[in-house]
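# Close look at the chain arrangement
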Amino acid sequence: MPQRHSKNNNDLAFFTYDEKKKLGYGTQRERLGKDSIKPFDSCCLCLKPFIDPLCCQKGHVFCKECILECLLSQKKDIQRKLAAHATQQKQEKEEDEEKMQLQKAREIDAFDQQNHGAVPQYSDKNFNRDKSGFHGANSVKVTSYEEEALRDMKAFWLPSATPEAPVKVDAPSTCTVCPEGKEKLKLKTLFPVHFTEEKNKEKKSHALDNTYVCPSCKVTLTNTLTLVALNTCGHVFCSKCADRFMAVDKVCLSCNKGCKEKNLVRLGKGGTGFAGHDDNLQATDFKHLGSGSGLGLVRPAMKT
């Protein structure tokens, strides 16, 4: 009788490597398809084909309406945070003034007690406990000591003994940021981009189904190409034409407008908040193996 292979040995007290792999245990890797990657002609905010596109200096393209609405909402949020910070500072100043007044009042009372022997002397602790001036067994507030003991008790499960952490609002930044790259972004740094549509193409079924080409070499622009835009005129070219001609001739190939190497902005392609960015086209997900997890119904990982 032939010896049993390890894949057929299912009477062990633990899961073998092959059994874990079939159950979907561990890190699962899968290459992202075309549907999981944002096209180059889509807005980074609404993920739809852009309308009146604007680009930042880092190469992120947005719809004009989307980016203006985003910057406006950021400014409103900054104003709200500034108002909350100013209110907190005003409140802290009032609390400090109140503490100073109480300290002065205590110093005056202590001075009066030292200079008038008829007035019973008492410490600040008793003074804080009972402000009416009655002490001892004949005191009216007989439960003041119990209340103070309850406050000093480190019983976090009691609502009355739970400490309250003050919420402090830090001074917010007054600069708006890019929603895609998280760097500082101002409205005046945005520039419009102009894509060249393919003219020798049959009429599209939809108005948004446009095909763009490089105005120099007439190559159809796709996500596989690296695109370069000029922040002076906004024309978009492929990286080969930009590096071969514009970087050397210092002039736009479409409108003959002068440019410098620093005016070349590489456009970002692919990737959203739910997919890999740039050339990282592999998604990973770690899954635990346990009862009731439903991993037995998961499609087994494909062998590569």
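Residues numbered from 1 in each chain as written. Predicted model: local features only at pLDDT ≥ 70, side-chain atom pairs only at ≥ 80, totals over all residues. Heavy atoms only, no water.

## Here's the deal with the overall build of the protein chain
Across its full length, the protein chain holds five helices and ten strands. Relative to its full complement of 304 residues, the protein chain shows a buried share of 26%. Taking contacts inside the protein chain between residues at least 6 apart in sequence as the whole, the part at least 24 apart equals 54%. As displayed, the protein chain has an accessible area near 22700 Å², and 53% of this comes from carbon and sulfur atoms. (Helix = DSSP H or I, 4+ residues; strand = E, 2+ residues; numbered from the N terminus. Buried < 20%, exposed > 50% of the residue type's maximum accessible area, 1.4 Å probe, protein only. Contact = heavy atoms within 4.5 Å. Areas by Shrake-Rupley, 256 points an atom, 1.4 Å probe, with all protein chains shown as cover.)

## Brief notes about the nonpolar core
Core analysis: the largest hydrophobic core is formed by 38 residues, its most contacted members being Val 193, Phe 195, Leu 221, Leu 230, Val 236 and Leu 267. Listing elements by their share of this core, those giving two or more residues are β2 (53-55), β3 (61-63), α2 (64-115), β7 (227-230), β8 (236-238), α5 (239-249) and β9 (264-266). Of all the elements, β7 adds the most residues to this core, at four residues. Residues contacting Phe 195, with those up to four places away along its chain left out, are Phe 40, Phe 50, Tyr 212, Leu 221, Leu 227, Val 236 and Leu 267. (Core = buried A, V, L, I, M, F, W, Y, C linked by side-chain atoms within 4.5 Å.)

## Things to note about the UniProt feature "coiled-coil region" (unreviewed entry) in the protein chain
The UniProt entry lists residues 75-108 under the feature "coiled-coil region" (unreviewed entry), expressed in the numbering used here. For residues 75-108, the helix share is 100%, the strand share is 0%, and the end-to-end C-alpha distance is 50 Å. (UniProt positions renumbered as here; feature names shortened; annotations may be inferred.)

## Considering the side chain of Asp 41
Along the chain, Asp 41 falls in the loop between β1 (26-31) and β2. Buried charge Asp 41 goes without a salt bridge, the closest partner of opposite sign being Lys 38 at 7.3 Å. If sequence neighbours within four positions are ignored, Asp 41 has contacts with Lys 48, Pro 49, Phe 50, Asn 210 and Tyr 212. (Lys, Arg positive; Asp, Glu negative; His and termini not counted. Salt bridge = Lys/Arg side-chain N within 4 Å of Asp/Glu carboxyl O.)

## Describing a negative patch on the surface
Side chains of Glu 92, Glu 94, Glu 95, Asp 96, Glu 97 and Glu 98 sit close together on the surface and give a patch of like negative charge. Topologically, Glu 94 is positioned in helix α2. The class for Glu 94 is partly exposed, based on a relative accessible area of 46%. (Patch = residues over 30% accessible without salt bridge, like charges linked within 9 Å, V, L, I, M, F, W, Y side chains within 5 Å. Charge placed at Lys NZ, Arg CZ, Asp CG, Glu CD.)

## Here's the deal with the sheet that holds β2
On the basis of which strands lie adjacent, the open sheet formed by three strands has the order β3-β2-β4 and antiparallel pairing. Edge strands, defined here as strands with exactly one partner in the open sheet, are β3 and β4 (191-192). Pairing of β2 with β4 involves two bridges; the strand directions are antiparallel. Residue Leu 54 lies in a different strand from β4, and its bridge partner there is Pro 192. This element, α2, spans β2 and β3 of the sheet and lies at about 90° to β3. (Pairing = 2+ DSSP bridges. Axes fitted to C-alpha atoms, helices over the stretch in contact; angles between N-to-C directions.)

## Things to note about the sheet that holds β9
The strand order β8-β7-β9 describes an open sheet built from three strands, whose pairing is antiparallel. Among the strands making up the open sheet, the edge pair consists of β8 and β9. Ignoring strand direction, the axes of neighbouring strands in this sheet form an average angle of 35°. Relative to the sheet, α5 contacts β7, β8 and β9, its axis offset from that of β8 by approximately 100°.

## Re the packing of aromatic side chains
Scanning the model with the defined rule gives four aromatic pairs in all. An angle of 75° between the planes, with centres 6.4 Å apart, marks the rings of Phe 40 and Tyr 212 as edge-to-face. Of this pair, Phe 40 sits in the loop between β1 and β2 while Tyr 212 sits in strand β6 (residues 212-213), placing them 172 residues apart in sequence. For the pair Phe 40 and Tyr 212, a shared accessibility class is recorded, and that class is buried. Ring geometry for Phe 50 versus Phe 195: centroids 5.3 Å apart, planes at 25°, classification stacked. Residue Phe 50 is found in the loop between β1 and β2, and its partner Phe 195 is found in the loop between β4 and β5 (196-197); the two are separated by 145 residues along the sequence. Residue Phe 50 shares its accessibility class with Phe 195, and that shared class is buried. (Phe/Tyr/Trp six-rings, centres within 6.5 Å; stacked < 30°, edge-to-face > 60°.)

## Section: empty space enclosed by the protein
Under the criterion given, the structure shown has one cavity of 30 Å³ or more. Computed from the structure, the largest cavity encloses a volume of approximately 40 Å³. Along the walls of the largest cavity sit Phe 40, Leu 225, Thr 226, Leu 227, Leu 267, Gly 268 and Lys 269, which together make up its complete lining. Its residues assigned to classes, the lining of the largest cavity comprises four nonpolar, two polar and one charged. (1 Å grid on protein atoms, 1.4 Å probe; cavity = no way out; pocket = protein on both sides within 12 Å on 5 of 7 lines; lining within 4 Å. Points joined across faces, edges and corners; volume = space filled by probe spheres on them. Nonpolar A, V, L, I, M, F, W, Y, C, P; charged D, E, K, R; others polar.)

## A word on the side chain of His 235
Take His 235: it is sitting in the loop between β7 and β8. A residue is classified by how much of its surface remains accessible, and His 235, at 16% relative accessible area, is buried. Dropping the residues within four chain positions of it, His 235 is found in contact with His 194, Val 228, Ala 229, Leu 230, Cys 252, Ser 254 and Cys 255.

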